[in-house]
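Survey of secondary and tertiary structure
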Amino acid sequence: MKNIQFYENDKIIKKGYSLVICEKPEAAKKIAEALSNNTYRTRKIMDSIVFNLNYKGKELIICSALGHLYKINLTKTQSKLPVYNYSWIPINKPKNKAVIINLKINLIKLLSKDAKEFILACDLDQEGETIGYNILKYACNEKQKIAKRVKFSTLTEKDIKNAFSNMQKHIDIELAIAGRTRHAIDFLYGINISKALSLAFMSFSNKYKTLSIGRVQGPTIFYVVENDLQIETHIPLPFWRISAYIETAENGKTTWLKIEYIKEKIIKKIEAEDIVKNCKGEKAIISKINKNNFKISPPVPFNLSGLQKEAFKLYRFNPYQTLNIAEKLYLKALISYPRTASQKLPAAINYKKIISDLSKLPEFTRMTNSLLKKKRLSPTQGKISDNAHPAIYPTGKITKFQLLNTEKKIFNLIIIRFFKLFESPMTGKIILIHFNIGKYKFLSSSKKIKKQINSKHNEGNEKHLNFQIAKKFNVKRIKIKENFETAPRPFNQITLIEKMEKENIGTKSTRANIIQTIIDRTYIEGTKLKSTPLARALVEVLQIHSPLILSSKMTREMEKQLEEVENGKTTQEKVLTIANKNLSLIIKEIQKNNKSIGKKLFLATKNLVIIQSTNNSLSKCTICKKGDLIITSNSRNRALICSNSVNGSCVVKASLPRFGLIKIYKKSCMTCLWPKIKTAFKGKPWIFCMNPNCPNKVKRKR
Amino acid sequence: MKSCKLCNNKPLSSSIYCIYHEIAYNNLKSGYKIWTDRYDSLDWKNYLRKLLELSTTGKFVKQVIMEEKDNCGHKE
């Protein structure tokens, strides 16, 4: 490889520059802009833009990666499971990505040769540190120990300059090692367990099917299956509530006021009937009036999961989508780094400047004006903190370019939440009036919000203020209402993330991706997440033969150990030894029960086809007359099959054109009786027999 | 190969139902005890009828009810 020297306008730049490595090209550009006041020079080398500038007398060359450039792979392929030997290699799949990644690696290798200083400017979290560590180790030839680190939470000029002025002498090696360990464990678990399950499937059916499952995926699938089972086997139990209507007079008008029996659930019908019987003819007498003040604080700053929840609630954006949009906004320097758990905003970010910068946006002028009038700006703070980053906030920067509709929605959501933090808390009064009807206690409550921002909380009325103790009222009506206990709610993507958070499995950045993966692998489906027969069978089988994979406990303990690696309390080797021990137990159990696991999974995939066929049947099969014709597909191909072809009782199974709407033609093939397909080819209708061996086709070929 | 009376899954060795429908059947039986206690008295058929009318009754429970409805085999 030729040693290219970096030069501009035929002027060779002195050797011994500082090489700044960023995670993404957009970040590299922002850093170059910030440090050079837009006077940077660029050069395209190996299809990548490299930035060159002078900062405080230092020659800087800024290059970028494309997220991860290296991945884990098996050192050598072996058929015997489990496999433990792995190494980091450049990403080599898919092919088009591999070409770009290779160019990136070669470029960094080249630039690292004449560099005298290495500065890591990747995202400030475990993934960013791991990406940087790998580049420094493999592409820059073991420079991870001497590389410096710049830390920033936004890509604004102020933050970037500040980060370069207060550069850290070393990168966080322990954080990077923890990241590498996490990758290694996830890889070893994924590859070994998935392969063991696929082999079990094959041992029974002689067919190969990819059945993937991972360390965090296992417990996540288990939560959905367990919840579904509770819903589907739910018996609603009855209970009763009693309410009475009393006659009140206000400004000469008589109205009825509803009061509730103090016990919210009466679990015997006879008890409820007795109460109603004994209350008849009695008057309602006020025995006690309680007035309490309460305070509703403004919402807390957004962390990633808070933002994901709100975006789902308002716009039905799934968490994965929200994270992607937020990352784009971060790379445009519009918001701070979104992969954060923090709900705290430090004063150093200068609230007033951000608000006054945002006042240039016409839609927020009214809000910003009222906030800027305040003498003191102090935001509400949440409980959770994150050492690396503050909560998500707008940087105050306004883009010249138009944002996409989805980006604008998320950006506005972050801005509005930021403004809300400075609002004063709402105060209100809650009034509880206790009544006696005979010997039974009833209650009426009302809420009054003084600062009427949210009309929903303003349901109360002031009628109660005129009530006095011992005042009597006529009871106009008393009634029993029969209720039934409800089943648990099905998970949606947000509630599933909440469950994962509660169980402490996965990380804030990986949870959305894991859910997306298990949806893509057909373990769960729908907006209200429902487990498929495959997921159920998997859980059923693993519960019997290898419950460790489904256990949150094992995953949680591993997360704890990874945290210890991060804090330097334990080593990567120790954690990997424990993980490998667990893995070996799991694999042994699967191998021991190979046939029964394979059988169960095979039957489940068969059921999946039957369910698909009842849901998406195009028409009845013309050959066996019993099965349903359905379209099955993967990411590349699609095929039309008869649902009976799965158990071998029908032969109808043929590939379909990759694109275009498929319909079953009203008449079947006259020669072979197979169904005919109607689709369109280059805008023209195209009807053909789907039998690949139809005598007509064979004849035509000849 | 034998399968559960209500689906394609394998039945439990001691039952005509698979694990899911067996859980539903057991819940149905234990639920009856609670229902009779709460209503003071309620016959099995009325119990099943009421459960079928409720939207929150589980899908597997409803399938078991349809099977057991004509079956007066409940000896509670």
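Note that the structure is a prediction, hence the values are computed from the model and not measured.

1. Section: helix α7 (residues 269-279) of chain A
All names here are of chain A. Burial in α7 covers these residues: A272, I275, V276 and C279. All buried residues of α7 fall inside an arc of 95 degrees around its axis, so they share one side. On its buried face, α7 sits against β11 (238-250), β12 (253-261), β14 (426-437), β15 (440-449) and β16 (472-484). Once α7 finishes, G281 follows within two positions and takes phi at roughly 85 degrees, a positive value.

2. Topic: the pattern of salt bridges
Two side chains with opposite charge may pair up if their charged atoms get near one another. All names here are of chain A. Under the definition given, this model contains 38 salt bridges over all chains. E485 serves as the salt-bridge partner of K265, at 3.7 Å between the closest nitrogen and oxygen. With K265 in the loop between β12 and α7 and E485 in the loop between β16 and α13 (493-503), this pair connects stretches of sequence that are 220 residues apart. By relative accessible area, which is 41% here, K265 ends up partly exposed. For E485, a relative accessible area of 22% gives the class partly exposed. Salt-bridge contacts for K592 lead to E589; the nearest nitrogen and oxygen are separated by 3.4 Å. Taken together, the residues K592 and E589, both in helix α17 (residues 572-592) and 3 residues apart, mark about one turn of the helix.

3. Section: the interface of chain A and chain B
Across the contact, 27 residues belong to chain A and 26 residues belong to chain B. The contact between chain A and chain B buries some 2300 Å² in all, and 60% of this surface belongs to carbon and sulfur atoms. Area buried by chain A at its contact with chain B is led by A:E232, A:T233 and A:I235, which between them contribute 23% of it. Counting the contacts that link chain A with chain B gives 4 salt bridges. Put simply, B:R38 and A:E485 hold a salt bridge, and the shortest N to O gap is 3.9 Å. Counting across the interface, chain A meets chain B through 12 residue pairs in polar contact (both at pLDDT 80 or more). Mapped onto the side of chain A that touches chain B, the elements with two or more residues apiece are α6 (217-232), β11, α7, β16, α15 (533-545) and α18 (594-616) of chain A.

4. Thoughts on the side chain of A:S243
You can see A:S243 is positioned in strand β11. Among residues more than four places away in sequence, those in contact with A:S243 are A:K258, A:I259, A:E260, A:R477, A:I478 and A:K479.

5. What about the sheet that holds strand β3 (residues 17-22) of chain A?
Residues and elements named next belong to chain A. Taken in spatial order, the 6 strands line up as β4-β5-β6-β3-β9-β10 in an open sheet, and their pairing is mixed. With partners counted over all chains shown, the strands left at the sheet margins are β4 (41-45) and β10 (148-149), one partner each. Two strands pair when backbone bridges link them, and strand β5 (residues 48-55) and strand β6 (residues 58-64) are joined in this way by 5 bridges, in the antiparallel orientation. Looking at β6, one finds that N54 is bridged to E59.

6. Topic: the pairing of strand β13 (residues 283-296) of chain A
Residue and element names in this part refer to chain A. As judged from the 3 bridges shared by β13 and β16, these two strands associate in the antiparallel manner. Paired with I285 across the two strands is K472, which belongs to β16. In this structure, β13 lies alongside β14, joined through 12 bridges in antiparallel fashion. What sits directly across from A284, in β14, is I437.

7. Description of the environment of A:F659
All names here are of chain A. Here F659 is to be found in the loop between β22 (653-655) and β23 (663-664). Separated by 628 residues in the primary sequence, F659 and I31 have C-alpha atoms spaced 44 Å apart. Those residues within four positions of F659 in sequence are excluded, and the remaining contacts are R638 and T679.

8. Observations regarding a nonpolar patch on the surface
Residue and element names in this part refer to chain A. Taken together, L66, V99 and I100 make up a surface patch of nonpolar side chains, about 250 Å² in accessible area. Relative to the helices and strands, I100 resides in helix α2 (residues 95-113). The partly exposed category is assigned to I100, whose relative accessible area is 43%.

9. So, the nonpolar core
All names here are of chain A. I135, Y189, I193 and L197 are the most contacted members of the largest nonpolar core, which totals 90 residues. Counting residues per element, this core draws most heavily on helix α5 (residues 173-205), which supplies 13 residues. When residues are assigned to domains, this core turns out to be shared by domain 1 (2-171) and domain 2 (179-233 + 490-573 + 590-599), each giving three or more. In contact with L197, other than residues within four places in its own chain, are L211, I213, L538, L542, I590, I597 and L601. F152, F164, I355 and A391 belong to the second-largest nonpolar core, a separate cluster that totals 58 residues.

10. Thoughts on the domain arrangement of chain A
Along its sequence, chain A is carved into domain 1 (2-171), domain 2 (179-233 + 490-573 + 590-599), domain 3 (238-297 + 427-484), domain 4 (304-420) and domain 5 (619-701). Here domain 2 of chain A and domain 3 of chain A have C-alpha centroids that lie 49 Å from each other.

11. Some remarks on the environment of A:T380
Residue and element names in this part refer to chain A. Inspection of the secondary structure puts T380 in the loop between α11 (365-372) and α12 (405-420). Note: C-alpha distance between T380 and H434 (54 residues apart in sequence) is 36 Å. Not counting chain neighbours up to four residues away, the residues in contact with T380 comprise S297, P298, P299, P301 and L421.

12. Structural notes on the sheet that holds strand β24 (residues 676-681) of chain A
Residues and elements named next belong to chain A. Judged by pairing direction, the sheet is antiparallel, and its 3 strands sit side by side in the order β23-β24-β25 without closing on themselves. Only two strands of the sheet have a single partner each, and these edge strands are β23 and β25 (684-689). Relative to β24, β23 is paired through 2 bridges, and the arrangement is antiparallel. By the bridge assignment for β24, I664 is matched with I677.

Conventions adopted
- Residues numbered from 1 in each chain as written.
- Chains lettered and ligands numbered in written order.
- Predicted model: local features only at pLDDT ≥ 70, side-chain atom pairs only at ≥ 80, totals over all residues.
- Heavy atoms only, no water.
- Buried < 20%, exposed > 50% of the residue type's maximum accessible area, 1.4 Å probe, protein only.
- Helix = DSSP H or I, 4+ residues; strand = E, 2+ residues; numbered from the N terminus.
- Arc of directions from axis to C-beta.
- Contact = heavy atoms within 4.5 Å.
- Salt bridge = Lys/Arg side-chain N within 4 Å of Asp/Glu carboxyl O.
- Buried area = accessible area lost by both parts, 1.4 Å probe.
- Polar contact = N/O pair within 3.5 Å; in protein donor to acceptor, adjacent residues only side chain to side chain.
- Pairing = 2+ DSSP bridges.
- Patch = residues over 30% accessible without salt bridge, like charges linked within 9 Å, V, L, I, M, F, W, Y side chains within 5 Å.
- Areas by Shrake-Rupley, 256 points an atom, 1.4 Å probe, with all protein chains shown as cover.
- Core = buried A, V, L, I, M, F, W, Y, C linked by side-chain atoms within 4.5 Å.
- Domains from an automatic or database assignment.

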